[in-house]
Amino acid sequence: MEELLDRAGELLEKIRKERPLVHNITNIVAANSCANILLSVGALPVMTYDKREIGDIVAKSQAVVLNSGTLTPRKLDAMIYAGKAANRESVPVVLDPVGAGSSTARSKAIQRMLRQVDISVIRGNFSEISFLGGGSSLIRGVEAVGKPLDPLELIKDISIKFSTTVCISGETDYISCGKNTYVISNGHPLMARVTGTGCMLSTLVGAFTSVTYDYDIAAAAAALLFGISGQLAGEKARGPGSFQAELFDTIYSLTPRDIVEKARLRKES
Amino acid sequence: MEELLDRAGELLEKIRKERPLVHNITNIVAANSCANILLSVGALPVMTYDKREIGDIVAKSQAVVLNSGTLTPRKLDAMIYAGKAANRESVPVVLDPVGAGSSTARSKAIQRMLRQVDISVIRGNFSEISFLGGGSSLIRGVEAVGKPLDPLELIKDISIKFSTTVCISGETDYISCGKNTYVISNGHPLMARVTGTGCMLSTLVGAFTSVTYDYDIAAAAAALLFGISGQLAGEKARGPGSFQAELFDTIYSLTPRDIVEKARLRKES
Amino acid sequence: MEELLDRAGELLEKIRKERPLVHNITNIVAANSCANILLSVGALPVMTYDKREIGDIVAKSQAVVLNSGTLTPRKLDAMIYAGKAANRESVPVVLDPVGAGSSTARSKAIQRMLRQVDISVIRGNFSEISFLGGGSSLIRGVEAVGKPLDPLELIKDISIKFSTTVCISGETDYISCGKNTYVISNGHPLMARVTGTGCMLSTLVGAFTSVTYDYDIAAAAAALLFGISGQLAGEKARGPGSFQAELFDTIYSLTPRDIVEKARLRKES
């Protein structure tokens, strides 16, 4: 655990120094927030949806983040195309299965991505990840309202099923690559009152996968950074509007020491 | 009038408790703001544009909001499809005719929606609503600059013509279902200096139609909440940037008592 | 130079009085910020992407801004169509060649726009403008990380090559129509930590081209306004989140006197 805390700070510093380019194919609601969270942490965003240029962009990118919000058939094709290009170039791919289980078409699209693209990290809320496991989805819209039943069991099942690191985020975050599970209980209720916080976390996971091959460490470090920043921002905010500004400000100035001091982390086997 | 003030507070509490899911098909400029205003008031947003999943999403939604900004032929089809699905499922439909009268194609698209979908509430600015009545449009772009000539007469005409509740928003808001008209003069000039405030109000109207069958009460309650929140936010803001944050903060924490105390409401027959 | 400072203030006042309508075809990341920057300065935004209505909208607009971010074949067609319509109507056209040089497809699309549309002002970062000159691009994604080699020579080459005013923005801004070059060194490092600041500047240039035929004065005035506002906002901000709110607040309330007092401007021949 202390290893993770130290690594998280090191990786944050590495992002700030190396400024990795993170290619996002995301939804129209959170596109602006995702670009801004990357700039706040020190990474550089690029967003392109046209297959004719995706090859060039992926080749220059250090990570690719695929987000299934406001999905269209053309965007699905672009995401699969970008994912395959990233696989060929050994660029890590993060999948945010927004809305998995909310409609048959969305669910099928996400399953198609999982079959055709080798995913480094899946980051979703409990309902979305639960759906990937074949469980009935508790989702209402794209916001999770269901209660986790047994997240520790679920996350292991999913990470083994898809041979990947999985991050379930919510009041408590769980990160596992099938062996141990990091459990993070930082965060703030206002995070659920701003749209796209899940999408932002997935994008941050992308930035962290670009600076280490230990994807479970990358995902856990991103969740720690985001949870701690959200918590500190929430303590200063007067509501969802001021919270958003505080969130970007906090991520921009968070130190490795803040991570060590504020982390609410445990490890479950 | 006192009845409306009490009902508005009750409906606000009901939204916060029941967390209705509101499905939006909206424009790329205001999508983020519309999702955030719903989360701020306590509702849950969902946005999907693909016909293949709209049926599933509408079936789970408590209201549907159709917004004609940044319109494309494909999005128009999706909106009509969603509207018809909502009609079949008895889910209320709010129409925001953004840009009605600003181009022939846009105007025709809006008229097609009005013919094919049974609309619960139309919410627009004076120019847009005036266009629906056959009047010459005073619109410049999507921002209203014309002066209302006789809004009380106009709103009755339109609500009778389309057998629906109509909300004309602007410096003064008018809400009518063809009989009496609620006139609200809350608000703040900075509301016209932030993009998408009209779209946000339409989305809030959607949230309120999900908790009462009295759509004129729903629209008036939403306009009251938004006008009072805008006014309080404007008094604290130093410009359009801080105004946006204050607006979300204020809506998040507004109480039924604030509504009763701050309302500038009259009823015209 | 004093002439420019006086003109900049006059043009700002003119925008606030006349409220020009600026038509934007832009990317999904910065669409909201571009609309808000126009409202903050006093102009009115309109965004439409459908060829069937672009003719009507351009005919009512006082400027058109074309931005190649998140480009698709359909949006490229719409931009060329809008640009040609603007040319016929003698409406000024600003081109923001986002991502020029970042992919072959993007570069070809931008070159096609430059061949088919008569552009009043090109506004890009050093890498993008350098690409237009045939130089190797230093871009990573859409964020410039390369160091300017000889911007004064580059800007003259490009403005003569395309017979247009050029604005290179970055830590230092350069504006030229092929003769003298205005050099502006206002601004703040936080401007590079918020997405879409370049897009916002292009949109502001559009607003200024609508109130003067001297497009080099228009572009320089917009860059001065934006640089000074960014600088003042940056001095108050605690990070990228509060910076955004401060930026809109500052542009909204900046006076002609602020421009004269804060400008860091020189002229190079």
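This structure is a prediction, so every number in the text was calculated from the model and none was measured.

Draft legend 1. A look at the nonpolar core. Of all hydrophobic cores here, the largest spans 135 residues; its most connected members are Leu132 of chain A, Leu132 of chain B together with Leu132 of chain C. Residues contacting Leu132 of chain B, with those up to four places away along its chain left out, are Pro97, Ala100, Ile110, Leu114, Ile122, Ile158, Lys161 and Phe162 of chain B.

Draft legend 2. Geometry of the relation of the copies chain C and chain A. For the pair chain C and chain A, the superposition axis carries a translation of 0.0 Å, the fit reaches an RMSD of 0.0 Å, and the rotation angle comes to 120 degrees. The transformation just described matches what one would write down for a three-fold rotation axis. For chain C, the smallest separation between a C-alpha atom and the rotation axis is recorded for Ile28 of chain C, amounting to 3.6 Å. With a heterologous cut-off of 20% or less, the 7% of interface residues of chain C that recur at the interface of chain A puts this contact in the heterologous class.

Draft legend 3. Quick peek at the interface of chain C and chain A. Between chain C and chain A, the residue contacts involve 30 residues of the former and 32 residues of the latter. Surface buried jointly by chain C and chain A totals about 2,600 Å² across both partners, of which 53% is contributed by carbon and sulfur atoms. At the boundary of chain C with chain A, the tally comes to 3 salt bridges. One salt bridge in this structure joins Arg238 of chain C and Asp249 of chain A, with 3.8 Å as the shortest N-O distance. Taken together, the connections running from chain C to chain A amount to 12 residue pairs in polar contact (both at pLDDT 80 or more). Looking at the side of chain C that touches chain A, the elements with two or more residues in it are helix H4 (73-89), helix H5 (104-116) and helix H10 (240-253) of chain C. The element best represented in the side of chain C that touches chain A is H10 of chain C, accounting for 4 residues.

Draft legend 4. Fine view of the sheet that holds strand S1 (residues 21-25) of chain C. Residue and element names in this part refer to chain C. Read from one edge to the other, the open sheet built from 9 strands follows the order S2-S1-S3-S4-S5-S8-S9-S10-S11, with strand pairing classed as mixed. With partners counted over all chains shown, the strands left at the sheet margins are strand S2 (44-47) and strand S11 (265-268), one partner each. Strand-to-strand twist of the sheet, defined as the mean angle between neighbouring strand axes without regard to direction, takes the value 20 degrees. Both strand S4 (residues 93-96) and strand S5 (residues 121-125) contribute to a ladder of 2 bridges, which runs parallel. In the strand pairing of S5, Leu95 is matched with Ile122. Packed onto the sheet, helix H7 (residues 151-161) meets strand S8 (165-169), strand S9 (173-176), strand S10 (181-184) and S11 and runs at close to 35 degrees relative to S9.

Draft legend 5. The arrangement of the packing of helix H9 (residues 215-236) of chain C against H10 of chain C in detail. All names here are of chain C. Where H9 contacts H10, the two axes come as close as 8 Å, and the packing angle between them is 130 degrees. Classified by the angle their axes make, H9 and H10 are oblique. Between H9 and H10 lies a crossing of right-handed hand. Here Phe226, Ser229, Gly230, Leu232, Ala233, Gly234 and Lys236 of H9 come into contact with H10, specifically with Phe243, Glu246, Leu247, Thr250 and Ile251. Across the contact of H9 with H10, the residue classes tally to 6 nonpolar, 4 polar and 2 charged.

Draft legend 6. Fine view of the sheet that holds strand S10 (residues 181-184) of chain A. Residues and elements named next belong to chain A. Read from one edge to the other, the open sheet built from 9 strands follows the order S2-S1-S3-S4-S5-S8-S9-S10-S11, with strand pairing classed as mixed. The open sheet is flanked by strand S2 (44-47) and strand S11 (265-268), the only strands paired with a single partner. Averaged over all pairs of adjacent strands, the angle between strand axes in this sheet comes to 20 degrees, irrespective of strand direction. In the packing of helix H3 (residues 51-60) onto the sheet, the strands contacted are strand S1 (21-25), S2 and strand S3 (63-67), and the crossing angle to S1 comes to about 145 degrees.

Reading the values: rules and limits
Residues numbered from 1 in each chain as written. Chains lettered and ligands numbered in written order. Predicted model: local features only at pLDDT ≥ 70, side-chain atom pairs only at ≥ 80, totals over all residues. Heavy atoms only, no water. Core = buried A, V, L, I, M, F, W, Y, C linked by side-chain atoms within 4.5 Å. Buried < 20%, exposed > 50% of the residue type's maximum accessible area, 1.4 Å probe, protein only. Contact = heavy atoms within 4.5 Å. Least-squares fit on C-alpha atoms with pLDDT ≥ 70 in both. Buried area = accessible area lost by both parts, 1.4 Å probe. Salt bridge = Lys/Arg side-chain N within 4 Å of Asp/Glu carboxyl O. Polar contact = N/O pair within 3.5 Å; in protein donor to acceptor, adjacent residues only side chain to side chain. Helix = DSSP H or I, 4+ residues; strand = E, 2+ residues; numbered from the N terminus. Pairing = 2+ DSSP bridges. Axes fitted to C-alpha atoms, helices over the stretch in contact; angles between N-to-C directions. Parallel < 35°, antiparallel > 145°, perpendicular 65-115°, else oblique. Left-handed = near helix turned anticlockwise from the far one by under 90°. Nonpolar A, V, L, I, M, F, W, Y, C, P; charged D, E, K, R; others polar.

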